[in-house]
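Topology and contacts: notes
One-letter residues, chain by chain:
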Amino acid sequence: MKYIDEFQDPELARRLLDGIHATVTRPWALMEVCGGQTHTIIRHGIDQLLPEQVRLIHGPGCPVCVTPLEVIDKALAIAARPGVIFCSFGDMLRVPGTDRDLFRVRSEGGDVRVVYSPLDALRVAQENPDREVVFFGIGFETTAPPNAMTVYQARRLGIRNFSLLVSHVRVPPAIEAIMTSPDCQVQGFLAAGHVCSVMGVEEYPELAERHRVPIVVTGFEPLDILEGVRRTVQQLERGEHTVDNAYARAVRPEGNPAARAMLADVFEVTDRAWRGIGVIPDSGWRLSERYRDYDAEERFPVSGITTAEPAACRSGEVLQGLLKPNECEAFGTTCTPRTPLGATMVSSEGACAAYYLYRRLGGPVSTTTAQEATTVG
Amino acid sequence: MGHGGGGALSAELVEHVFAPAFGGETLATMADSAAVTLGGARLAFSTDTFVVRPLFFPGGSIGDLAVNGTVNDLAMSGARAAYLSCGVVLEEGVEMPVVARVAEAIGAAARTAGVEIVTGDTKVVEAGHGDGVYLNTAGIGLIPDGVDIRPQRARPGDVVLVSGQIGLHGVAVLSLREGLEFDVQVESDCAPLGGLVEAMLAVTPDLHVLRDPTRGGVAAALGEIAAAAGVGVAVDERHLPVPEPVAGACAMLGLDPLYVANEGKLVAFVPRDHADAVLEAMRAHPLGADAAVIGACVADHPGMVVARTGLGGTRVVDLPLGEQLPRIC
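Residues numbered from 1 in each chain as written. Chains lettered and ligands numbered in written order. Predicted model: local features only at pLDDT ≥ 70, side-chain atom pairs only at ≥ 80, totals over all residues. Heavy atoms only, no water.

**Describing the overall build of chain A**
Just so we agree on the cut-off: Segments assigned H or I by DSSP are reported as helices when at least four residues long, segments assigned E as strands when at least two residues long, and all are numbered from the N terminus. In this description the radius of gyration comes from C-alpha coordinates, and the expected globular size is given by 2.2 Å times residues to the power 0.38. By definition in these notes, contact holds between two residues if any of their heavy atoms fall within 4.5 Å. We treat Lys and Arg as the positive residues and Asp and Glu as the negative residues; His and chain ends play no part in the count. By convention, the charge on Lys lies at NZ, on Arg at CZ, on Asp at CG and on Glu at CD.
Helix and strand counts for chain A come out as 17 helices and 11 strands. The C-alpha radius of gyration of chain A comes to 21 Å, within 12% of the 21 Å expected for a compact globule of 377 residues. Across its three principal directions, the C-alpha atoms of chain A cover 65 × 50 × 45 Å. Of all intrachain contacts in chain A linking residues separated by at least 6 positions in sequence, the fraction that spans at least 24 positions is 78%. The centroid of the 38 positive side-chain charges in chain A is displaced by 3 Å from the centroid of its 48 negative side-chain charges.

If you want it as structure tokens, here you go:
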């Protein structure tokens, strides 16, 4: 299948793997920034196929996982209010707040709706002029532009019963935070391709130079990941640390100027708390002064909500690449998708969820029998 | 809502709440239909309730589902459905032409499946307490002599077959329900499987397990069989018949085709000696033309399903918790 099969071709994968095996002479630790990349790696067993010296560290790039507990609790409080229609992308619904999640709010009578686009939420607002419609605006540079555009549209159309609960975050300050951490083990980054397709790559050369770390812009299909690893390892073996675009089919150096202009109009950079990590300076966006009246936090009295993370949850360490999910004592015992301690266990991009879903048996499993069986007929 | 999604939450509800309260040995087999003996005859008996939005979708309607769903549950015991009941719950205000269209669909599906609807019931609930029309069907059929098909009969060495392309129904309904438009319209595979099962039984009565992978998809069906029989299941992702539009839609939404619902497919566990002949018989039937071997039953990792990935790695295929949720980006 065009655009899917051709990026999962086993023969091409084998050639890339051979290239990586032939290049590596020493141990290297690479971080894939994006949770989508983590899931591709674990789902396809890519980490099992790489040389032992190449260690992949899972990064903080799951938008659902890094949304602070405080913001989740604010969302739950707003969604439970009578007269509110709370719209969200589907994967936020199972994320645990302090004592419940959005599914629970819905089962208790809250009007919580799954949408596929923030513009769908705006349409809900148009169709329900007597209700307050709130959209949960979370995510990285990928989801921020359409959310910004929705607020822009709301104002243009004069829709007043719509607001955004904003918790947008930015990738480069997170990379900075990881590299300046005293525990940092990361020697190279697979940067998130879709983020760069919006923002371009101009934020990265300074980071690469300052921390002397190669940053390779990488896509999300198995061959993308392997090519990203190959190029990063090549740089490391040569002692280089440049920004390299291995996802040129989607990423232009300047990114998407229209999306960036929309971001600059509607949002402004702010300090943001990351769930499990803490506040990272300049790492987020909020609605700019001009659009502040579309901020759900201004419209609903939720500023008093403060929360504390469950002590047993070590997702902060997982998100910083300091701990593998299956190294956590709670993994698969007190923490499962059914009873998650943190968002990393329930998000579709969460590292703990990836390990729980795809890797519960520990190591590789013999599938010889399956191979034999498939020769029948 | 997750408890109705056909995944782990549904299974927990049935195992921990309903089954203990209801009691009975037959229920404990957790098959798609119950095999009971009455007056010397071995009967398959099954019921299912249909809560579907929208009521009509590409390739079918709630009426087709209500008939084929129960017909197929009976077929998964090797029985050809003979008689069906049909219960209808209408929401106050639903338009009569809609009710008539659903009724027509039920009748047409029953004729196609060769089954007679012999009893029924109608109730009306207040406006706002339903999605227009809910249906319940129950059915009975005769299990042929020498046939014993149930999840507990899966054995290491069995070959695992699927009768055709997977994921069509789920993507068809999703595209309409959520207003998503894909390049190619996907039609539901909703169909009665009694004839296909008869064709398979004609080759050998010794089919070990049949399951129609509806809610929760092939992943849930395989997971339930692995758990029921205490065996492992190893599948090869490269052999899964996933049609292009389904793969494309799933890639876009972050869904896994293995977990997407089917309404006209079956998964079969067949002794290795019979696998070639059964596969051939399936492919000779119109509803099994794309049948494929997708894996094997193994002694390793009992209770779990493990997939060999396209690149040669491995991964666990878990029971879904509830409904799959499209991802944020």
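**Comments concerning the overall build of chain B**
Which entries qualify depends on this criterion: Only protein chains enter the accessibility calculation, which uses a 1.4 Å probe. A residue is then buried if its area is under 20% of the maximum for its type, exposed if over 50%, and partly exposed in between.
For chain B, the helix and strand inventory stands at eight helices and 14 strands. On C-alpha atoms alone, chain B measures out to a radius of gyration of 19 Å, which is about the 20 Å that the 2.2 N^0.38 rule sets for 329 residues. By principal-axis analysis of the C-alpha atoms, chain B measures approximately 60 × 55 × 40 Å. A buried classification covers 56% of the 329 residues belonging to chain B. At a minimum sequence separation of 6, the contacts of chain B that also span at least 24 residues come to 84%.

**Overview of the nonpolar core**
Rules: Residue types Ala, Val, Leu, Ile, Met, Phe, Trp, Tyr and Cys, when buried and joined through side-chain atoms within 4.5 Å, form a set referred to as a nonpolar core.
Among the nonpolar cores identified, the biggest contains 58 residues, and Ile78, Phe86, Leu102, Phe136, Leu165, Phe189 and Tyr204 of chain A are the most heavily contacted of them. Counting residues per element, this core draws most heavily on helix H5 (residues 69-79) of chain A, which supplies six residues. The contacts of Phe86 of chain A, once residues within four sequence positions are left out, are Ala75, Ile78, Ala79, Leu102, Asp111, Val112, Arg113, Val134, Phe136 and Leu165 of chain A. In this structure, Cys86, Ile106, Ala113 and Val147 of chain B belong to the second largest nonpolar core, which totals 52 residues.

**Examining the sheet that holds strand E1 (residues 34-38) of chain B**
Residue and element names in this part refer to chain B. As a reminder, the rule being used: Two strands make a pair as long as DSSP finds a minimum of two bridges between them. Axis geometry follows a simple rule: fit a line to the C-alpha atoms, using only the stretch in contact for helices, then measure angles between N-to-C directions, giving values from 0 to 180 degrees.
Here five strands make up an open sheet; going across it, the order is E1-E2-E7-E5-E6 and the pairing mixed. Whereas interior strands pair on both sides, the edge strands pair on one side only; in this sheet they are E1 and strand E6 (116-125). When strand polarity is set aside, the average angle formed by the axes of neighbouring strands in this sheet is 20°. Here strand E5 (residues 80-91) pairs with E6 via nine bridges, running parallel.

**Here's the deal with the sheet that holds strand E8 (residues 159-162) of chain B**
Residues and elements named next belong to chain B. Reading across the sheet, the seven strands line up as E9-E11-E8-E12-E10-E13-E14 and stay open at both edges, with mixed pairing between neighbours. With partners counted over all chains shown, the strands left at the sheet margins are strand E9 (209-211) and strand E14 (314-317), one partner each. The mean angle between the axes of side-by-side strands here comes to 25°, regardless of whether they run parallel or antiparallel. By the bridge criterion, four bridges tie strand E10 (residues 232-236) to strand E13 (residues 305-308) in an arrangement that is parallel. Each bridged residue has a counterpart across the sheet, and for Ala234 the counterpart in E13 is Val306.

**With respect to the pairing of E14 of chain B**
Two faces, one strand: in a regular strand the side chains alternate between the faces of the sheet. All names here are of chain B. Side chains Thr314 and Val316 of E14 all project onto a buried face; the interleaved residues Arg315 and Val317 project onto the opposite face, where all are buried too. One ladder, built from four bridges, connects E13 with E14; its direction is antiparallel. Considered in E14, the bridge of Ala307 is made with Arg315. Between E13 and E14, which pair antiparallel one after the other, the connecting turn spans five residues, and Gly312 there sits at a positive phi close to 105°.

**Focus: the packing of aromatic side chains**
Residues and elements named next belong to chain A. To keep it simple, the criterion reads: Aromatic contacts are taken between Phe, Tyr and Trp rings whose centres are within 6.5 Å, Trp giving its six-membered ring; a plane angle under 30 degrees counts as stacked, one over 60 as edge-to-face, and the others as tilted.
Tallied over the entire structure, the rule returns seven aromatic pairs over all chains. Residues Phe86 and Phe136 carry aromatic rings whose centres are separated by 5.6 Å and whose planes lie at 65° to one another, so their mutual orientation is edge-to-face. You can see Phe86 sitting in strand E3 (residues 84-88) and its partner Phe136 sitting in strand E5 (residues 132-139), a full 50 residues away along the chain. Here the two residues Phe86 and Phe136 agree in accessibility, since each one is buried. Their ring planes at 65° and their centres at 5.8 Å tell us that Phe140 and Trp274 sit as a pair that is edge-to-face.

**Structural notes on the side chain of His285 of chain B**
Considering the arrangement of structural elements, one finds His285 of chain B in the loop between helix H8 (272-284) and strand E12 (292-298). Apart from the residues lying within four places of it in its own chain, the contact partners of His285 of chain B are Gly195, Leu196 and Ala199 of chain B.

**Comments concerning the pairing of strand E7 (residues 133-142) of chain B**
Residue and element names in this part refer to chain B. One ladder, built from eight bridges, connects strand E2 (residues 41-50) with E7; its direction is antiparallel. Paired with Thr49 across the two strands is Asn136, which belongs to E7. Where E5 and E7 come together, 10 bridges link them in antiparallel fashion. Its bridge partner being in E7, Leu90 is matched across the sheet by Val133.

**Structural notes on the side chain of Thr38 of chain A**
Residues and elements named next belong to chain A. On the secondary structure map, Thr38 appears in helix H2 (residues 35-43). The exposure class assigned to Thr38 is buried, which follows from its relative accessible area of 1%. Apart from residues lying up to four places away in sequence, Thr38 is in contact with Glu32, His58 and Ala351.

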